[in-house]
Amino acid sequence: MIEASIPVGSPEQLILLFGTSDQHLRRIRESTEAKISTRSGKIHLSGPESAVLQATAIFEQMRSTIGSEGALMPHQVDEIINNVVGNSPKSSAKPVDVKRAGRTVRARTPGQEAYIEAIRNHDLVFCIGPAGTGKTYLAVATAIEALKAQQIRKIVLVRPAVEAGESLGYLPGDLLSKINPYLRPLLDALGEMIDYDQVKRYMADDVIEVVPLAYMRGRTLNNAFIIMDEAQNTTVSQMKMFLTRMGSNSKVVVSGDTSQVDLPSHTRSGLTDAIARLKRIPGCAQVILSRDDIVRHRLVESIVRAYEEGTG
C-alpha cells in the first residue's frame, strides 16, 4: 500500500478534473483500485502501488489535456483511462492532420485505424457500423487532411433526405429549410475541425459543398473528396447514380448503419446492395466497424448491444 498526492491549481481545475457531477472521478474509481479524496488543495491517492501509479498517470494526462485544450470531454477521459490501464491498444496509424486549437484526430480503435488506412489507400471505401463509431467524423477529418495537402480541390458532403418515421411536408419553410436538418450532422463534424468563419468562406467559394443526394444527378466531380453519410437510406438506383458521379482524381467514402434503414418496407438498401455487388472490384475497400469501435458516451455501446440482442 502506498500514498501519493497531486496538487490542484484551483477549485475550477478540480471541477474540470472530476467532471460534472464527478463523472470523470467515477470512471477513474471504476477503472482502478485506488482510493481518491481531496484535501487542502490536493488530490490524495492511496491503495496498491500499481493502482496508485495508474490513477496518478491518469490525472496527470487529464491535467495535460486541460492545459492544452482548456476542457476535458468524457470520451477523452475514457481514452486516457484505456491507454493507462491497458484496455485499449494504441493506434499505430498516422494521425489525421486537422489540428484545431491543439487537437489532433487519431484512430482510437483498431477498426477506426483500418478505416483511416482504407480511405488513404483506396479511391472508393464503404464503411458500415453502428452509431458512435466515427464513420462520418473520420471521413470528414480525412477529407480535410486531403484538402490541406492539396490532394483534392473540393469536398462534397452528401446525405439522402429520407424521412425517419416523420413527414417532411408539415415542417415550416422552403425546401432548403426542410432539408437542412438532414445535413446538420455533416456540418457539425466540419465545425469541430474548421473554424466557423473558415467553413463559411469554403462554402461561399464552393470548396466545401453540402448537398442532398437528389441534387447529385447529372454531375461529374473531378479532384473531389465525396462523402455520403447515412447511405443505408439510398435505393439501389440512387446508389448507382451517386457512385457514377465520381470523376478523375476523386475519392468516394460511403458510410452507413445497416441496422437503421428508414426506407419503405421491401425496398432494398443501396448500401447493402453495393457492398455485395462491388466487393471484388480493385480499388474498392470495405470496412466493418462494430460496437467495440464506439467512441461516444460509454452508454452508447450498451444501448447498441441491447438492441442487437433484442433485450426487452
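Conventions and cut-offs
- Residues numbered from 1 in each chain as written.
- Predicted model: local features only at pLDDT ≥ 70, side-chain atom pairs only at ≥ 80, totals over all residues.
- Heavy atoms only, no water.
- Pairing = 2+ DSSP bridges.
- Helix = DSSP H or I, 4+ residues; strand = E, 2+ residues; numbered from the N terminus.
- Axes fitted to C-alpha atoms, helices over the stretch in contact; angles between N-to-C directions.
- Contact = heavy atoms within 4.5 Å.
- Core = buried A, V, L, I, M, F, W, Y, C linked by side-chain atoms within 4.5 Å.
- Buried < 20%, exposed > 50% of the residue type's maximum accessible area, 1.4 Å probe, protein only.
- Phe/Tyr/Trp six-rings, centres within 6.5 Å; stacked < 30°, edge-to-face > 60°.
- Parallel < 35°, antiparallel > 145°, perpendicular 65-115°, else oblique.
- Left-handed = near helix turned anticlockwise from the far one by under 90°.
- Nonpolar A, V, L, I, M, F, W, Y, C, P; charged D, E, K, R; others polar.
- Salt bridge = Lys/Arg side-chain N within 4 Å of Asp/Glu carboxyl O.

**Remarks on the sheet that holds strand E11 (residues 284–288)**
A sheet is described by the order of its strands in space; here six strands give the open sequence E8-E7-E9-E10-E6-E11, paired in parallel fashion. At either margin of the open sheet sits one strand with a lone partner, and together these are strand E8 (208–212) and E11. If you compare each strand with its neighbour and ignore which way they point, the axes differ by 15 degrees on average. Strand direction decides the pairing type here: strand E7 (residues 154–159) and strand E9 (residues 224–228), joined by five bridges, are parallel. The residue of E9 that forms the bridge with Leu157 is Ile227. Its contacts with the sheet place helix H6 (residues 135–148) against strand E6 (124–128), E7, E9 and strand E10 (251–256), and it is angled at close to 175 degrees to E9. The strands touched by helix H10 (residues 270–277) are E6, E10 and E11; relative to E6, the strand with the most contacts, the crossing angle is about 125 degrees.

**Side note on the nonpolar core**
General note: in soluble globular proteins, nonpolar side chains tend to be found buried as a group. Ranked by size, the top nonpolar core spans 36 residues in total, and within it Tyr115, Val140, Ile155, Leu157, Leu190, Phe225 and Ile227 carry the most contacts. Of all the elements in the fold, those that place two or more residues in this core are helix H5 (110–121), E6, H6, E7, helix H7 (175–191), E8, E9 and E11. Looking at this core element by element, the count peaks at eight residues for H6. When near neighbours in sequence (up to four residues on either side) are disregarded, Tyr115 contacts Val125, Cys127, Gly134, Lys135, Leu138, Ala139, Val253, Ser255 and Val287. Counting residues in hydrophobic clusters, the runner-up holds 24 residues, among them Val158, Leu213, Met228 and Cys284.

**Examining the packing of aromatic side chains**
Taken as a whole and judged by the stated rule, the model has one aromatic pair. For the ring pair Phe18 and Phe59, a centre distance of 6.2 Å and an interplane angle of 50 degrees mean the geometry is tilted. Pair noted here: Phe18 is in helix H1 (residues 11–18) and Phe59 is in helix H3 (residues 49–69), with a separation of 41 residues, a long-range link. A relative accessible area of 9% places Phe18 in the buried class.

**Side note on the packing of H1 against H3**
Relative placement of two packed helices is described by the angle separating their axes and the distance separating the axes. Interaxial distance between H1 and H3 falls to 10 Å at its minimum, and their mutual angle equals 115 degrees. Of the possible angle classes, the one that applies to H1 and H3 is roughly perpendicular. The two elements H1 and H3 meet at a crossing, and its hand is right-handed. Taking contact as the criterion, the partners of Gln13, Leu16, Leu17 and Phe18 in H1 are, on H3, Phe59, Met62, Arg63 and Ile66. Grouping the constituent residues of the contact of H1 with H3 by class yields six nonpolar, one polar and one charged.

**Some points on the pattern of salt bridges**
Overall, the coordinates contain 12 salt bridges when judged by the stated rule. With a closest N to O distance of 3.5 Å, Glu117 and Arg120 form a salt bridge. Taken together, the residues span about one helical turn, with Glu117 and Arg120 both in helix H5 at a distance of three residues. We note a salt bridge from Arg277 to Asp273, for which the minimum N-O separation is 2.9 Å.

These results come straight from atomic positions and should not be treated as a statement about function.
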